[in-house]
Amino acid sequence: MKPERTSKVLISTKTWSRDSYNLFDYESIVLSEQQHLAEQDCSILRIGNEVDFLEHNQEICYQQSESRIIAKIELSPRGFSIKSGKEEDLWRVVNSASSGHELHKNEIIKLGRVKLQVTHLKTKGAEKISIDSIICAEGGVCRICFNEDNTNENPLIAPCHCTGTMKFIHLACLQTWINSKISKTTSGESVSYNWKNMDCEICQQQFPLAINCIGPYAFLAKIEDSESPYIILESMERDKNRSRGLHLIQFNSEETLKMGRGHDSDIKFNDISVSRFHASLTYSSGKFVIKDNKSKFGTLVQIPDSIDISETLTIQAGRTLISMNVVDGISNMVIE
Ligand SMILES: [Zn+2]
Ligand SMILES: [Zn+2]
């Protein structure tokens, strides 16, 4: 009989017994562990603290209420992939032993339970962020100072949906208001700005990050203008009505910054699920790279749809950690 090369996926799961904000405690040693060798499509179910694996032709023998499908393994001619079971998002684990993860625009990352979106990144020499066009006044009155002055240095702008006497505001008047809420941390040659993205109190429209309708391009928050690379991380509040925190990190040289809850963090997060020195953010060779620092609740990158399993992959689905290893085997192998 001619031996046939086959691929299988060895799946190992660890489940943390506490159900707390979909967190997984990477320091806990009290975990429930299961293993399964998948040769075809299979669903990964969590029932209480246990995980079970269902091959595609098996019937679900659990009550809907007590089990949830946390992920699905699929086999296609390209190989194995894993996708969400719809009930929980899948997150790729940025292992502290790895070389880190290169951040891309629109990616969502998680430090503990703090969710952040990469809304902008600008590498050296690249274009500045693009913004929606803003109307500048040809004649009007500022809704803050009631003055009609309109110059290139301090134009009257319409930054939101308000109309009539509330339509225009001076760039400087809006900046003064926003800058009263900005905090700045200098570390090495880099600067980290932190402020809340604000909505208009009248029309609830979120103010843009920057304007460029008259004169030079300007951030609404007072940020030292330079050609340096920067990245903007926007915190995604669980409560949609709260204004969102913005972190703009400007790298004036290639260096590594600390992200965490500790006082000496360059990029600070005041959430108990964030470790004191949780992760590092490096700018080097035109890339922004995040790396975990043995944090308690992990550094994670959201998987939008599904992800191919090549060699090894570790995924977090709520309080379950799924480690996968592609095992190349030869069927009909003689075991000595
Ligand atoms: Zn004004
Ligand atoms: Zn408005």
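- As named in an unreviewed UniProt entry, the chain is RING-CH-type domain-containing protein, taken from Stentor coeruleus.

**Considering the side chain of R319**
Part 1: With respect to the helices and strands, the residue R319 is situated in the loop between β26 (312–317) and β27 (320–330).
Part 2: Of note is the side chain of R319, whose polar atom sits 2.9 Å from the backbone oxygen of G48.
Part 3: Side chain to side chain, R319 and N49 meet in a polar contact 2.8 Å long.
Part 4: If we skip the residues at most four places from it in the chain, R319 touches K14, T15, W16, S17, R18, D19, N22, L23, F24, R46, G48 and N49.

**A short note on the side chain of S28**
Part 1: Among the structural elements, S28 can be located in the loop between β1 (5–16) and β2 (31–38).
Part 2: At 3.2 Å, the side chain of S28 and the backbone nitrogen of V30 are in polar contact.

**Overview of the coordination of the zinc ion (ligand 2)**
Part 1: In this structure, C160 (SG), C162 (SG), C200 (SG) and C203 (SG) serve as the protein donors to the zinc ion (ligand 2), at separations of 2.2 to 2.3 Å.
Part 2: Around the zinc ion (ligand 2) sit 4 donor atoms; with metal-centred angles ranging over 107 to 114 degrees, the donor geometry is tetrahedral.
Part 3: In this structure C162 comes out as buried when scored by relative accessible area, which is 7%.

**Let's talk about the sheet that holds strand β11 (residues 135–136)**
Backbone-to-backbone hydrogen bonds pair the strands of a sheet. The strands run either parallel or antiparallel.
Part 1: Across the sheet, 3 strands lie side by side as β11-β12-β13; this open sheet has antiparallel pairing. The sheet is open, and its two edges are formed by β11 and β13 (169–170), each paired on a single side.
Part 2: Two strands pair when backbone bridges link them, and β11 and strand β12 (residues 156–158) are joined in this way by 2 bridges, in the antiparallel orientation. Residue pairing for β12: I135 is matched across the bridge by A158.

**What to know about the sheet that holds strand β20 (residues 256–260)**
Part 1: On the basis of which strands lie adjacent, the open sheet formed by 5 strands has the order β8-β23-β22-β20-β21 and mixed pairing. Each of the sheet's edge strands pairs with one partner strand only, and the pair in question is β8 (101–102) and β21 (267–268).
Part 2: The pairing of β20 with strand β22 (residues 279–284) spans 4 bridges and is antiparallel. Looking across to β22, one finds that L257 is bridged to L281.

**Focus on empty space enclosed by the protein**
Part 1: Here the structure, examined in full by the defined rule, presents 1 cavity of 30 Å³ or more.
Part 2: Considering the residues around the largest cavity, the lining is formed by I178, W195, K196, N197, M198, F207, P208, L209, L220, A221 and L246.
Part 3: Considering only residue class, the lining of the largest cavity consists of 9 nonpolar, 1 polar and 1 charged.

**Concerning the coordination of the zinc ion (ligand 1)**
Part 1: Ligation of the zinc ion (ligand 1) by protein atoms is provided by C142 (SG), C145 (SG), H170 (ND1) and C173 (SG), these donors lying 2.1 to 2.3 Å from the ion.
Part 2: One can describe the site at the zinc ion (ligand 1) as tetrahedral: its 4 donor atoms subtend angles covering 94 to 119 degrees at the metal.
Part 3: Written as a sequence motif, the donor residues of the zinc ion (ligand 1) are C-x2-C-x24-H-x2-C. Taken together, the residues span a long stretch of sequence, with C145 in the loop between β11 and β12 and H170 in strand β13 at a distance of 25 residues.

**Observations regarding the nonpolar core**
Part 1: Judged by nonpolar contacts, the single largest core of 33 residues is most densely connected at I157, W195, F219 and L248.
Part 2: Of all the secondary structure elements, the ones that give two or more residues to this core are β12, α1 (171–179), β15 (190–196), β16 (210–211), β17 (218–219), β18 (230–235) and β19 (245–250).
Part 3: Considering each element in turn, this core owes the most residues, 4 residues, to α1.
Part 4: Discounting chain neighbours no more than four positions away, the residues touching L248 are V191, S192, Y193, W195, F219, I223, Y230, I231 and I232.
Part 5: Judged by nonpolar contacts, the second largest core, of 22 residues, contains V94, I249, F269 and L281.

**Focus on the environment of V93**
Part 1: Mapped onto the secondary structure, V93 falls in strand β7 (residues 90–93).
Part 2: The buried category is assigned to V93, whose relative accessible area is 16%.
Part 3: Residues V93 and I315, spaced 222 residues apart in sequence, show a C-alpha to C-alpha distance of 5.6 Å.
Part 4: Apart from residues lying up to four places away in sequence, V93 is in contact with Y26, T299, L300, T314, I315, Q316 and L321.

Each value, and the rule that gives it
Residues numbered from 1 in each chain as written. Chains lettered and ligands numbered in written order. Predicted model: local features only at pLDDT ≥ 70, side-chain atom pairs only at ≥ 80, totals over all residues. Heavy atoms only, no water. Helix = DSSP H or I, 4+ residues; strand = E, 2+ residues; numbered from the N terminus. Polar contact = N/O pair within 3.5 Å; in protein donor to acceptor, adjacent residues only side chain to side chain. Contact = heavy atoms within 4.5 Å. Donors = N, O, S within 2.8 Å, 3.2 Å for Na, K, Ca; no water. Tetrahedral: all angles 85-135°; square planar, octahedral: opposite > 155°, others 65-115°. Buried < 20%, exposed > 50% of the residue type's maximum accessible area, 1.4 Å probe, protein only. Pairing = 2+ DSSP bridges. 1 Å grid on protein atoms, 1.4 Å probe; cavity = no way out; pocket = protein on both sides within 12 Å on 5 of 7 lines; lining within 4 Å. Points joined across faces, edges and corners; volume = space filled by probe spheres on them. Nonpolar A, V, L, I, M, F, W, Y, C, P; charged D, E, K, R; others polar. Core = buried A, V, L, I, M, F, W, Y, C linked by side-chain atoms within 4.5 Å.

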